[in-house]
Amino acid sequence: MHRLSRRSVNSLLRYGGHLRRDAVAGASIGSFNINESSGERNANGRWYSVLSTATSSGPASTKPLKLGNMLSTGKRYESTVSDFQTPNPPVEKYEYQAEVSRLMDLIVNSLYSNKEVFLRELISNAKLDIRIKTDQENGIITIQDSGIGMTHQELVDSLGTIAHSGTAKFLKALKDSKEAGSDSNLIGQFGVGFYSAFLVADKVVVSTKSPKSDKQYVWEGEANSDSYIIREETDPEKFIPRGSCITLHLKRDDKGFAHPEKIERLIKNYSQFVSFPIYTWQEKGYTKEIEVDEDPSESKKDETDDNVAKKKKTKKVVEKYWEWDLTNETQPIWLRNPKEVTTEEYNEFYKKTFNEYVEPLASSHFTTEGEVEFRSILYVPAVTPMGKEDIANPKTKNIRLYVKRVFISDDFDGELFPRYLSFVKGVVDSNDLPLNVSREILQESRVVRIMRKRLVRKAFDMILGISMSENREDYEKFWENFGKHLKLGCIEDRENHKRLAPLLRFFSSQSEEEMISLDEYVENMKPEQKDIYYIAADSVTSAKNTPFLERLYEKDLEVLFLVDPIDEVAVTNLKSYKEKNFVDISKEDLDIGDKNEEKEKEMKQEFGHVCDWMKKRLGDKVASVQISNRLKASPCVLVSGKFGWSANMERLMKAQTVGDSSSLDFMRSRRVFEINPEHPIIQTLTEACRSNADDDEAMRAIDLLYDTALISSGFTPESPSHFGGKIYEMMNMALSNKWKLPEAQEGEVVVSEPQQTLEAEVVEPVQTTSQK
């Protein structure tokens, strides 16, 4: 198909500041390969359209076009001579198929809240071009295409019944949608798109001419009618060479759709990239200077000064005219060769399509071939949307799905992208999906599942590219905005763990100011180190001061700090990275590579009775009391069981529990109390155990030691006030008699030493003499 360029069309349409009607018609139809019976040549061999009222020998009219002359004016030629032989052809009345009548009532009155879809359905055509003109004053929209048109029987078959998708199936979907109270986009799914015209129109007129017939027929239907009529067109002013012309007589409340700017916006939203050109009749203007009459008083003043040259006065005015304007882009950016598209063009398309003002961090333009073919452009935004903090919400309008370049939807619920990648924006254009694609098709289609897998893979490639950029700040910006999304992916998407893990970032005991990747951690591991160590806490400060780190600090082993609430769950789901297991240093049975079985056996023999003594005192508060291999400076620590919650996880789960928290008791009972036998407090208690195991002060010391370990290990005391009372009691014992005054014996009076008094020095007066 050959099309005139925009510049060529504009140059044809304007003549002396006015619109040439013959040029308009020539641009409209001359662009296409039409039989000679549809038009005639002038003396120079130039084609003139049958839509034009101008002749080849006379000048074009400069009067503004009216709606009646817009697309359906002209003469009828040899192929339609028979039309003039029946000036008043009979009007045929038909009853709608029963389901159609019910369908129209539901469409108009209850089914759809978004009326804008009517235009998409009426122009989603795949032949040649479409031209749309509006009449704001009368509330009329006229849509004409240069396609193949319809015969009399095709009008009956196409506009009197629901298309070949099954009446029962459609009505069932219609009923389910209505019962669910949803605004399901059923239009376009069952071949009923034409009836969407009645969303906005009281009356619809379809005039059509098929090459198969010498006659032109008119179909007329009204919104609240159970029937329609078909008649033959006999008015020469309304003849069209071929194709169909739909005239919508808008309802009173919907006349706003007849505004040219409104029509243009709808086309750009729904049909911007269809494969045929769509023209709209638009008012344009250009500025020119015209002479103005002089003021008589100023004219007389100028006549008195013969030496001054007279200068004509002018003013600028805007000359208005109407012309056909190409509204859609028939070559979308994703159909172009990526090598021919510049970064600026990608960024401009991104900002225009998604209403963004900041350029994206990365983009990916690709085509997939094979069993499933589609084209796509994906983007990673530079900033998060305002007010969109819920990363678990999968419903976004970030992915725009096109089928054969016709916009279908941007309202998805995880069908094309998993919810943790919902921040990725882009367009997807598929030829393998039907134009009547529905939510059910998206959920069940094998094609969609393959598309999703490849889209996810490309999204990861984009993010990996950002992480490998020489500008480290780019990924820092990405991680700040979307890091939580990737951590959610570690929980939800086990299949993509290998793609997710390299993208994660954490603080560590050797990098408290700058986050590091797992690859950097593994690269810095000690030769004998087998595992990746981590500690979960509410902040970097809390993590680096925990007693669990004492022995690891001494051995210079790096520990990841998981300070985000989702971090611990994400890492737990990963389990390992590059054959290195993740190990929580706050759990029991920690192995940091220095185990000595003989030494451990000796320690258990020496301090076993002390451990049993403390366990008896603490009872069910702990699962056991053991000798610690992770402490250096602290006397004790409270660690979690191997399969229990860590202190950080217990804190998070407790915060989420509403009401009764007894369900947490089982996980809490798995705590293990570890003691440091080298610490003076433990050594003192060991002596107390040997000499007087039932001493009250020793019992209170064990209780206080446990409560202190709770806090230092990140847990919360069951009774903070009771723990505070123990601290006050210990302080009182430690501070007693420190600053107390000596007590007086009986009969004695304690007299404080008098303060030393200072004598004042007497200074003799000195006589002074005055000078004059």
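Residues numbered from 1 in each chain as written. Predicted model: local features only at pLDDT ≥ 70, side-chain atom pairs only at ≥ 80, totals over all residues. Heavy atoms only, no water.

### Description of the sheet that holds strand S21 (residues 532–536)
And step 1. Spatial ordering of the open sheet is given by S20-S19-S22-S21-S24-S23, a layout of six strands whose pairing is mixed. A single partner strand is all that each edge strand has here, and the edge strands are strand S20 (511–517) and strand S23 (576–577).
And step 2. Strand contacts of helix H13 (residues 472–492): strand S19 (505–508) and S20, with the helix running at about 90° to S20, the strand carrying the most contacts. (Pairing = 2+ DSSP bridges. Helix = DSSP H or I, 4+ residues; strand = E, 2+ residues; numbered from the N terminus. Contact = heavy atoms within 4.5 Å. Axes fitted to C-alpha atoms, helices over the stretch in contact; angles between N-to-C directions.)

### Side note on the packing of helix H19 (residues 597–618) against helix H23 (residues 696–712)
And step 1. Where H19 contacts H23, the axes come no closer than 10 Å and their chain directions differ by 80°. Viewed along their axes, H19 and H23 adopt a mutual orientation that is roughly perpendicular. On the side of H19, the interface is formed by Trp613, Met614, Arg617 and Leu618, while H23 contributes Ala698, Met699, Ile702, Asp703 and Tyr706.
And step 2. In the contact of H19 with H23, the residues fall into seven nonpolar, no polar and two charged. (Parallel < 35°, antiparallel > 145°, perpendicular 65-115°, else oblique. Nonpolar A, V, L, I, M, F, W, Y, C, P; charged D, E, K, R; others polar.)

### As for the pairing of strand S14 (residues 362–368)
And step 1. Most of S14 is tucked away, with five of its seven residues classed as buried.
And step 2. One ladder, built from seven bridges, connects S14 with strand S15 (residues 374–380); its direction is antiparallel. The residue of S15 that forms the bridge with Ser364 is Leu378. (Buried < 20%, exposed > 50% of the residue type's maximum accessible area, 1.4 Å probe, protein only.)

### A word on the pairing of S21
And step 1. Of all five residues in S21, five are buried, a share of seventy percent or more.
And step 2. Here S21 shows two buried faces, one formed by Ile532, Tyr534 and Ala536 and the other by Tyr533 and Ile535.
And step 3. Strand direction decides the pairing type here: S21 and strand S24 (residues 580–584), joined by three bridges, are parallel. If you follow Ile532 over to S24, its bridge partner there is Phe582.
And step 4. The pairing of S21 with strand S22 (residues 559–562) spans four bridges and is classified as parallel. When the bridges of S22 are listed, Ala536 appears paired with Leu562.

### A word on the sheet that holds S15
And step 1. Taken in spatial order, the five strands of this open sheet run S14-S15-S18-S16-S17, and their pairing is mixed. The sheet terminates laterally at S14 and strand S17 (406–409), the two strands that pair on one side only. The average angle at which neighbouring strand axes cross in this sheet is 20°, direction not considered.
And step 2. Packed on one face of the sheet, helix H10 (residues 343–354) meets S14, S15, strand S16 (399–403) and strand S18 (425–430) and runs near 85° to S15.

### Topic: the environment of Lys578
And step 1. The residue Lys578 is located in the loop between S23 and S24 in this model.
And step 2. On the basis of relative accessibility, which here comes to 53%, the residue Lys578 falls in the exposed class.
And step 3. Sequence separation between Lys578 and Leu518 is 60 residues, and the spatial gap between their C-alpha atoms is 9.3 Å.
And step 4. Separated by 2.7 Å, the side chains of Lys578 and Asp519 make a polar contact. (Polar contact = N/O pair within 3.5 Å; in protein donor to acceptor, adjacent residues only side chain to side chain.)

### Describing the nonpolar core
And step 1. Counting 78 residues, the largest nonpolar core has Phe417, Leu421, Leu486, Tyr533 and Leu560 as its most contacted members.
And step 2. A total of eleven residues in this core trace back to one element, the largest contributor, which is helix H12 (residues 446–467).
And step 3. Excluding its chain neighbours within four sequence positions, the residues that come into contact with Leu486 are Leu421, Ile463, Tyr475, Phe478, Trp479, Leu500, Leu503 and Leu504.
And step 4. One finds Tyr350, Ile377, Tyr379 and Val406 within the second-largest nonpolar core, a separate group that totals 53 residues. (Core = buried A, V, L, I, M, F, W, Y, C linked by side-chain atoms within 4.5 Å.)

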